[in-house]
Amino acid sequence: MRILIVGAGIAGLATHRALSLRGFKPTIVDRHPGPGEGGAGLFLPGNSVRAVEQLGLLDALLKHSHPIARQRICDENGRLLSEIDTAEFWSAVGPCRATRRSTLWQLLREGIDTELITTSVEAIDDRDDHCRIRFDDGEIEDYDLVIGADGVGSSVRRLTFPDCRQPEYVGNICWRFIVHNVAGVADWTVMLGRDRSLLCKPISLSELYVYADLAVPKHEVSRYSAARRLEPLFAGPLRPVLTLAASANVHFAELVRLRLDRWYRGCVVLVGDAAHAGPPSMAQGAGLAVEDALVLADELAASPSLTVALARFEARRKPRADWVHRQNASRDKARRLPRIVRNALFRFGGEMLYRHSYGPLAGPL
Ligand SMILES: Cc1cc2nc3c(=O)[nH]c(=O)nc-3n(C[C@H](O)[C@H](O)[C@H](O)COP(=O)(O)OP(=O)(O)OC[C@H]3O[C@@H](n4cnc5c(N)ncnc54)[C@H](O)[C@@H]3O)c2cc1C
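Residues numbered from 1 in each chain as written. Predicted model: local features only at pLDDT ≥ 70, side-chain atom pairs only at ≥ 80, totals over all residues.

Enquirer: Which parts of the structure should I look at to understand the sheet that holds strand 7 (residues 97-100)?
Expert: In sheet architecture, strand pairing relies on hydrogen bonds along the backbone and comes in two forms, parallel and antiparallel. Pairing in this open sheet of three strands is antiparallel, and the strands run 3-7-4 from one edge to the other. If you trace the sheet from one side to the other, it starts and ends with strand 3 (41-44) and strand 4 (66-67), each paired once. (Pairing = 2+ DSSP bridges. Helix = DSSP H or I, 4+ residues; strand = E, 2+ residues; numbered from the N terminus.)

The following block contains the structure:
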């Protein structure tokens, strides 16, 4: 089968590896040759690490990431509301780890022995039993399957589903950067305010991945940028890390959500953020992307036809991505409750909420 993967981010590289492990020989292209700028760090809950393990990369990941055994939820002043024993919760699935996004990208990149072609797709002509692709250098090629792994702004999605829903702003902007762990943060630790949160996770013995977000109406987003000083926005014990932002590579973004009715049409299918990008409240974006890769490869290897494989892929994956979307939304809603209600909710129900949100993701793919 002639397979083209468009996009070599987490989803595209994972899909290439999953397909190669099952004997396919896909072609992979990306408009940029490297790991890209975005992302800074990633938290990988147990199901995400399990997916990386199924790609045969567990040892490499364990070597290049940091263990996260506990998740601590605090109020805006740093008072502990709830502490989740993530090591215990995920013990039957996989360990929780934190790392740089570029590290996961590199592990996946090293795991494939093919050339990464630098180009992008300009046109997709979906013919009955194949797709004719025109690349931006004018080259034309035919493929039996085109996999859109080209992220939230996917060109494959735009060319295949011109009328589909667009990514929608969820009401928060965010800053992400990696700094020296001056605050001595040992666990995944978040401070929740009503309209803002500050999250720190160690990604090595000395480095901390910092994520800060703020609720801002769409028309005011343009007032903010990567250069915005963050110390005035936050109080509490994690604040010292914000002073280091000035010397860090800060990524600034609007958080969006993408909910599609369909993920495939003809011989084109979407995976990863191209199909289901969401805000990071559940830290599932990378994990879902790798799981998509595994399930798509499974179905392509096992199904009697391409159409059946794509239908089965969507049927197995979409409910899970929809669940993550719903959990992202309810977490955002919970933290916007009046302070006293929110604190009581996390103090007395934090662990129950965690088990409810992540329980289905601990199940099999
Ligand atoms: C603030 C924030 C924090 C996050 N934190 C976490 C976390 O802690 N844990 C977690 O699991 N997830 C997290 N995520 C989500 C995670 O980063 C993404 O879900 C994941 O990286 C998606 O990977 P992807 O390969 O689908 O898309 P991308 O990483 O966007 O990759 C898309 C690739 O396609 C290429 N491309 C784009 N257009 C074209 C084109 N026209 N032609 C060719 N190539 C193209 C791009 O160059 C890129 O290489 C977070 C996301 C955000 C926004």
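And the narrative resumes.
Enquirer: Looking at this model, I keep getting lost on unusual backbone geometry. Mind explaining?
Expert: Where the residue is not glycine, phi is negative for most of them; where a peptide bond is considered, it is trans in most cases. Phi is positive for Ala283, close to 50 degrees, though the residue is something other than glycine. Along the chain, Ala283 falls in the loop between helix 7 (273-276) and helix 8 (285-302).

Enquirer: Help me understand the sheet that holds strand 9 (residues 121-126) in this model?
Expert: As summarised here, the arrangement of the three strands in space is 9-10-11, forming an open sheet in which the pairing is antiparallel. A strand with exactly one partner marks an edge of an open sheet, and here the two such strands are strand 9 and strand 11 (140-143). Looking at each pair of strands side by side, their axes are set apart by 25 degrees on average, direction ignored. The pairing of strand 9 with strand 10 (residues 131-135) spans five bridges and is classified as antiparallel. Within the sheet, the bridge partner assigned to Asp126 lies in strand 10 and is Cys131. (Axes fitted to C-alpha atoms, helices over the stretch in contact; angles between N-to-C directions.)

Enquirer: Before we go on, may I ask you to explain the domain arrangement of the protein in this structure?
Expert: Each assigned domain of the protein is listed with its residue range as follows: domain 1 (3-69 + 89-167 + 259-362) and domain 2 (168-256). Looking at the side of domain 1 that touches domain 2, the elements with two or more residues in it are strand 3 and strand 7. For the side of domain 1 that touches domain 2, the residue count by class is nine nonpolar, five polar and five charged. (Domains from an automatic or database assignment. Nonpolar A, V, L, I, M, F, W, Y, C, P; charged D, E, K, R; others polar.)

Enquirer: Please explain the environment of Val6 as it appears in this structure.
Expert: Secondary-structure assignment places Val6 in strand 1 (residues 3-6). Taking the number of C-beta atoms within 10 Å as the measure of exposure, Val6 has 29 and is therefore buried. Spatially, the C-alpha atoms of Val6 and Thr27 are 8.6 Å apart, while their sequence positions differ by 21 residues. Here Val6 is in contact with Val29, Val121, Val146, Ile147, Gly148, Ala149, Asp150 and Val156, once residues within four sequence places are set aside. (Buried ≥ 20, exposed ≤ 12 C-beta atoms within 10 Å, placed from the backbone. Contact = placed C-beta atoms within 7 Å.)

Enquirer: Would you mind showing me how to read helix 10 (residues 339-362) here?
Expert: Turn by turn, an α-helix covers 3.6 residues, leaving residues three or four places apart pointing in a common direction. Helix geometry: helix 10 is bent most strongly at Gly349, by close to 75 degrees. Residues of helix 10 that are buried: Phe346, Tyr358 and Leu361. Here the buried face of helix 10 lies against helix 2 (46-54), strand 5 (70-75), strand 6 (80-85) and helix 4 (86-89). (Bend = angle between axes of the 7 residues up to and from the residue.)

Enquirer: In this structure, what is going on with the nonpolar core? I would like to understand it.
Expert: What tends to happen in soluble globular proteins is that the nonpolar side chains get buried as a cluster. Formed by 91 residues in total, the largest nonpolar core has its most connected members in Ile10, Ala14, Val146, Val269, Val271, Val290 and Ala293. Broken down by element, this core gets its largest block of residues, 10 residues, from helix 8. Those residues in contact with Ala14, other than ones at most four positions away along the chain, are Leu55, Leu108, Ala289, Val290 and Ala293. (Core = buried A, V, L, I, M, F, W, Y, C linked by C-beta atoms within 7 Å.)

Enquirer: Quick question: what am I supposed to make of the packing of helix 9 (residues 306-335) against helix 10 here?
Expert: In helix packing, the relevant descriptors are the interaxial angle and the interaxial distance, both defined with respect to the helix axes. Taken N-terminus to C-terminus, the directions of helix 9 and helix 10 make an angle of 175 degrees; their axes are 12 Å apart at the nearest point. As judged from the angle between their axes, helix 9 and helix 10 are roughly antiparallel. Here Trp323, Gln327, Ala334 and Arg335 of helix 9 come into contact with helix 10, specifically with Arg342, Leu345, Ser357 and Pro360. Of the residues that constitute the contact of helix 9 with helix 10, the class distribution is four nonpolar, two polar and two charged. (Parallel < 35°, antiparallel > 145°, perpendicular 65-115°, else oblique.)

Enquirer: Please clarify how the packing of helix 1 (residues 10-21) against helix 8 should be interpreted in this entry.
Expert: Direction vectors running N to C along helix 1 and helix 8 enclose 30 degrees, while the axes themselves pass 8 Å from each other. Here helix 1 is positioned roughly parallel relative to helix 8, judged by the angle of their axes. Here the hand of the crossing between helix 1 and helix 8 comes out right-handed. Touching Ile10, Ala11, Ala14, Thr15, Ala18 and Leu19 of helix 1 are Ala286, Ala289, Val290, Asp292, Ala293, Leu294, Leu296 and Ala297, all from helix 8. Residues belonging to the contact of helix 1 with helix 8 are distributed by class as follows: 12 nonpolar, one polar and one charged. (Left-handed = near helix turned anticlockwise from the far one by under 90°.)

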